[in-house]
Amino acid sequence: MYETIKFEVNEGIATVTVNRPKAMNALNSQVLDELRMAFHEVVQNDEIRAVILTGEGKAFVAGADIAEMNKLNAVEARAFAKKGHGVMNMIENIEKPVIAAVNGFALGGGCELCMACDIRIASTKAKFGQPEVGLGLIPGFGGNLRLPRLVGKGNAKYLIYSADMIDAAEAYRIGLVQKVAEPEELIAEAEKIAGKIAAQAPIAVSVAKDVINNGYDIDMKSGSKYEVNAFSLIFDSEDMKEGTTAFLEKRKATWKNK
Ligand code: CO8
């Protein structure tokens, strides 16, 4: 069904692999469409508790497809940028956690794709950057917005203006990634984190994701109200009763995702 990505589900964890290694997994319209379809499948499948997003071969994703962009006029570029934003926003906002396992180059749209994920783990072989200004472009899949939020304005401006590529250690130092792993241990490490998350109450994880995302860009007072409402609503979930009762009865909780 998919031609440019691979989609697998194993023990509640979906793995989405961008699979266009001959073009360094560059995001053309087809890859973006298939990513949207895959994440739609993630939303629909109740068994999936967490997602790992990675790339096949040497790259995670080396950017939006430069050959495709080279031919676009402004109207077509707008449609392409909107398609990219649609995918990034979908990944950022689905009610399930998404872990980027960055195996290699995460450049331009690839860096933007991993930034739309909740958590990033990098292989020691990974390289990050926003090289768009070297192509006469600017980041167009949310990089100007997400990079400063993740690493601060100064680091973001440095990376975007200079087009510098940084390695995993530097990405970790500035807070772009949360963990660094040896290449052969990257997926196992991502699965370990996904497994830990999948063992928690799914409804609580999804509500926490919602509050963090929606609380981030609003003032503290409004955020505080948003959190209080989300926190109280969760008391009507069966999983909240189960989690707290299991603690009191000194047993392991069994989640219903209800
Ligand atoms: N788009 C299209 N093709 C690509 C891309 C890309 N982003 N990256 C690599 N490829 C292709 C190469 O053209 C090459 O194809 P071929 O074999 O047919 O010549 C093949 O992949 C292998 O690449 P290389 O031979 O270059 O491999 P190297 O190992 O020598 O280098 C690099 C790997 C460093 C990753 C190098 O390929 C590179 O610099 N790639 C481009 C990185 C880049 O500039 N990315 C940013 C693109 S712009 C962007 O992402 C904007 C996002 C917002 C879009 C908004 C829309 C309006």
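Data block above holds the structure.
Reading guide: rules and limits
- Residues numbered from 1 in each chain as written.
- Predicted model: local features only at pLDDT ≥ 70, side-chain atom pairs only at ≥ 80, totals over all residues.
- Heavy atoms only, no water.
- Core = buried A, V, L, I, M, F, W, Y, C linked by side-chain atoms within 4.5 Å.
- Buried < 20%, exposed > 50% of the residue type's maximum accessible area, 1.4 Å probe, protein only.
- Helix = DSSP H or I, 4+ residues; strand = E, 2+ residues; numbered from the N terminus.
- Contact = heavy atoms within 4.5 Å.
- Pairing = 2+ DSSP bridges.
- Right-handed = clockwise from strand over helix to strand, strands pointing away.
- Salt bridge = Lys/Arg side-chain N within 4 Å of Asp/Glu carboxyl O.
- Axes fitted to C-alpha atoms, helices over the stretch in contact; angles between N-to-C directions.
- Near = heavy atom within 4 Å.
- Polar contact = N/O pair within 3.5 Å; in protein donor to acceptor, adjacent residues only side chain to side chain.
- Areas by Shrake-Rupley, 256 points an atom, 1.4 Å probe, with all protein chains shown as cover.
- Nonpolar A, V, L, I, M, F, W, Y, C, P; charged D, E, K, R; others polar.

Leu 35, Leu 53 and Phe 128 are the most contacted members of the largest nonpolar core, which has 49 residues in total. Top element by residues in this core is helix α1 (residues 29-44). It accounts for six residues. Setting aside residues no more than four positions away along its own chain, Leu 53 makes contact with Val 16, Val 18, Leu 35, Phe 60, Ile 91, Val 98, Ile 99, Ala 100, Ala 101, Leu 113 and Cys 117. Membership of the second largest hydrophobic core comes to 12 residues, among which are Ile 52, Leu 186, Ala 190 and Ile 193.

With that settled, the discussion passes to the pairing of strand β5 (residues 98-102). In terms of burial, β5 is largely enclosed, as five of its five residues are buried. What you see with β5 is no split at all: Val 98, Ala 100 and Val 102 on one side and Ile 99 and Ala 101 on the other are buried throughout. Here β5 runs beside strand β7 (residues 119-123); their pairing, made up of four bridges, is parallel. Bridge assignment links Val 102 to a residue of β7, and that residue is Ala 122.

Quick look at the pairing of strand β2 (residues 13-18) now. Burial within β2 is extensive, with six of its six residues counted as buried. Covered by surrounding structure in β2 are Ile 13, Thr 15 and Thr 17 together with Ala 14, Val 16 and Val 18, the residues of both alternating faces. From the end of strand β1 (residues 5-10) to the start of β2, which pair antiparallel, there are two residues, and Glu 11 there has a positive phi angle of about 45°. With six bridges connecting them, β2 and strand β3 (residues 50-55) associate as parallel partners. Across the sheet, Thr 17 pairs through a bridge with Thr 54, a residue of β3. Handedness of the β2-α1-β3 crossover: right-handed.

Here the focus is the pattern of salt bridges. Scanning the entire structure with this criterion turns up 13 salt bridges. Residue Asp 33 pairs with Arg 36 through a salt bridge whose shortest N-O separation is 3.3 Å. Highlighted residues: Asp 33 and Arg 36, both in helix α1, separated by three residues, approximately one helical turn. Overall, the relative accessible area of 23% leaves Asp 33 in the partly exposed class. Put simply, Glu 189 and Lys 179 hold a salt bridge, and the shortest N to O gap is 3.6 Å. Of this pair, Glu 189 sits in helix α8 (residues 186-198) while Lys 179 sits in strand β10 (residues 179-181), and the two are 10 residues apart along the sequence.

Another point: the sheet that holds strand β4 (residues 59-61). Pairing in this open sheet of four strands is mixed, and the strands run β4-β6-β8-β9 from one edge to the other. The open sheet has two free edges, formed respectively by β4 and β9 (165-167), since each of these has just one partner strand. Averaged over neighbouring strand pairs, the angle between their axes works out to 20° when direction is ignored. Set on the sheet, helix α4 (residues 109-116) makes contact with β4, β6 (105-107) and β8 (127-129); between it and β4 the angle comes to about 75°.

This part covers the site of the ligand. Neighbouring the ligand are 24 residues, the closest being Lys 58, Ala 62, Ala 64, Ile 66 and Gly 109. Contact distances for the ligand include 2.9 Å between a nitrogen atom and a backbone N or O atom of Ala 62. Taken by itself the ligand offers 1100 Å² of open surface, and the protein chains cover 64% of this. Mapped by element, the contributors of at least two residues to the shell around the ligand are α2 (66-70), α3 (74-93), β6 and α4. In terms of residues, the shell around the ligand owes the most to one element, α3, which gives three residues. Counted by class, the shell around the ligand contains 15 nonpolar, four polar and five charged residues.

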